[in-house]
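The primary structure of each chain is shown beneath.
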Amino acid sequence: MIFGLFFIIALVNGILTTRVRLQEQIAREREKRTNALFQLTKELSKASGIDEVLKVATGEIKNHFLLDSFFILQDGNNILSTSGRLQKEKKLTPAEYNVAEWVFKNGQKAGAHTNQLFGIDYTFFPLAGTRINPGILVVKQSEPFSDDQQSYWETFVVQISNALEREFLGELAQKVRFLGESDRLYKTLFSSISHELRIPVATILGASDSILNSANSANIQAALCTEIFMASLALALALSSQIQIHGQSRLEFFF
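Residues numbered from 1 in each chain as written. Predicted model: local features only at pLDDT ≥ 70, side-chain atom pairs only at ≥ 80, totals over all residues. Heavy atoms only, no water.

Student: How should I be thinking about the nonpolar core in this particular structure?
Tutor: Here is a general trend for soluble globular proteins: nonpolar side chains tend to be buried in one another's company. Judged by nonpolar contacts, the single largest core of 28 residues is most densely connected at Ile61, Phe71, Leu137, Trp153, Phe156, Ile160 and Leu164. Mapped by element, the contributors of at least two residues to this core are helix H1 (2–46), helix H2 (50–65), strand E1 (69–73), strand E3 (123–127), strand E4 (135–139) and helix H4 (147–213). With eight residues, H4 is the largest single contributor of residues to this core. Not counting residues within four places of it along the chain, the set of residues in contact with Leu164 comprises Ile50, Val53, Leu54, Phe71, Leu73, Leu127 and Pro134. Core analysis: the next-biggest nonpolar cluster, separate from the first, contains 15 residues, Tyr97, Val103, Ala110 and Tyr122 among them. (Core = buried A, V, L, I, M, F, W, Y, C linked by side-chain atoms within 4.5 Å. Buried < 20%, exposed > 50% of the residue type's maximum accessible area, 1.4 Å probe, protein only. Helix = DSSP H or I, 4+ residues; strand = E, 2+ residues; numbered from the N terminus. Contact = heavy atoms within 4.5 Å.)

Take a look at the structure:
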């Protein structure tokens, strides 16, 4: 009986110890993943521009999932590119591009290790945003994610999608601002040129009309021709001056 009692106690102690170690391992894994997500969020927040965000994203995916990845982004008109944004050598075949377009439009993953196989080696994940969808993420997996890894991966993808959407909207806003400023400079140039050219043009028209419609002496005609020449010279100088001023203003704005 004593031997049996010691055996039961040792067995129970072993089971409890195994459970404690398993819980400890799970806690450490969760802490590791939480720290990884914190570092990802930190690095993404410091990144400036889409290319920097993609560098951070591909590096973190490589570090934590041991996967090579690349991103296919849209051009602002909901049309996907056929190659990676940073990795230009990563080009999609027509069949892969069709799958990528399907993923982008339907917001569902497809390819290898998914329910939508399509006979493709890559796995395509949509990058969903709150306002716009920046594009898709492409990886090549040797095996599917486990349930626990899948949740971790999806959180990773959401963080990357949010950062890309932020930078994408920033680029679109900057393009709109450039277009608006270009239009304003055009209107200013047109208004300024119109004002500067009004007097020389009126002088040329008046002198030309006098020459054509009246019989003046040679001296008067010579004076009118001189007046036309001086007005033409003033017109040319005004054009040159305005083009130089507004051209310099546009260069200063863009650079």
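What follows picks up the thread again.
Student: How do you make sense of the packing of aromatic side chains when you look at a structure like this?
Tutor: Note on aromatic pairs: each is described by the distance of the centres and the angle between the planes. Scanning the model with the defined rule gives ten aromatic pairs in all. Feature note: the residues Phe65, Phe125, Phe145, Tyr152, Trp153 and Phe156 constitute an aromatic cluster, connected by ring pairs. Here the guanidinium or amino end of Lys140 rests over the ring plane of Tyr122, the centre of that ring lying 5.7 Å away. (Phe/Tyr/Trp six-rings, centres within 6.5 Å; stacked < 30°, edge-to-face > 60°. Lys NZ or Arg CZ within 6 Å of the ring centre and 35° of its normal.)

Student: Just checking my understanding: could you explain unusual backbone geometry for this structure?
Tutor: Note on backbone geometry: most residues besides glycine have negative phi, and most peptide bonds are trans. If you check the backbone angles, Asn78 has positive phi at about 60° while not being a glycine. When you line up the elements, Asn78 lands in the loop between E1 and helix H3 (94–106).

Student: Any chance you could explain the pattern of salt bridges here in plain terms?
Tutor: Oppositely charged side chains can form a pair if their charged atoms are brought close together. Enumeration according to the criterion identifies nine salt bridges in this entry. Ionic pairing is found between Glu24 and Arg28, a salt bridge with its closest N-O pair at 2.7 Å. With Glu24 and Arg28 both in helix H1 and four residues apart, this pair spans about one turn of that helix. With a relative accessible area of 55%, Arg28 lands in the exposed category. As a salt-bridge pair, Glu171 and Arg85 come within 3.7 Å of each other at their nearest N and O atoms. Of this pair, Glu171 sits in helix H4 while Arg85 is found in the loop between E1 and H3, placing the two residues 86 residues apart along the sequence. (Salt bridge = Lys/Arg side-chain N within 4 Å of Asp/Glu carboxyl O.)

Student: I'm lost on the sheet that holds strand E2 (residues 110–111) in this one. Help?
Tutor: Two strands in a sheet stick together by hydrogen bonds in their backbones, pointing the same way (parallel) or opposite ways (antiparallel). Ordered in space as E1-E4-E3-E2, the four strands form an open sheet in which the pairing is antiparallel. Because the sheet does not close on itself, it has two edges, and the strands there are E1 and E2. Bridging between E2 and E3 involves two bridges; their strand directions are antiparallel. Residue Gly111 lies in a different strand from E3, and its bridge partner there is Thr123. Against the sheet, H2 makes contact with E1 and E4, and its axis sits at roughly 150° relative to E1, the strand it touches most. Sheet strands in contact with H3 are E2, E3 and E4, and its direction is about 35° off that of E3. (Pairing = 2+ DSSP bridges. Axes fitted to C-alpha atoms, helices over the stretch in contact; angles between N-to-C directions.)

Student: For this particular structure, what's the right way to read H3?
Tutor: In an α-helix, one turn spans 3.6 residues, which is why side chains three or four residues apart end up on the same side. Along its 13 residues, H3 runs 18 Å from first to last C-alpha, staying within 8% of the 18 Å computed at 1.5 Å per residue. Positive backbone phi, at 70°, marks Gly107, one or two positions downstream of H3. (Expected span 1.5 Å × (residues − 1).)

Student: I'm lost on the pairing of E4 in this one. Help?
Tutor: Looking along a regular strand, one sees side chains alternate from face to face of the sheet. Where burial is concerned, most of E4 is hidden: five out of the five residues are buried. As paired strands, E1 and E4 are joined by five bridges and run antiparallel to one another. Residue pairing for E4: Phe70 is matched across the bridge by Val138. Note: E3 against E4, five bridges, orientation antiparallel. Paired with Pro126 across the two strands is Ile136, which belongs to E4.

Student: Any chance you could explain the environment of Thr114 here in plain terms?
Tutor: Residue position: Thr114 is located in the loop between E2 and E3. On a C-alpha basis, the gap between Thr114 and Pro144 in space is 8.3 Å, while along the polypeptide they are 30 residues apart. Beyond its immediate stretch of four places on either side in the chain, Thr114 contacts Lys109 and Thr123. In terms of polar contacts, Thr114 uses its side chain to reach the backbone carbonyl oxygen of Gly111, at 2.7 Å. A distance of 3.0 Å separates a polar atom in the side chain of Thr114 from the backbone oxygen of Gln116. (Polar contact = N/O pair within 3.5 Å; in protein donor to acceptor, adjacent residues only side chain to side chain.)

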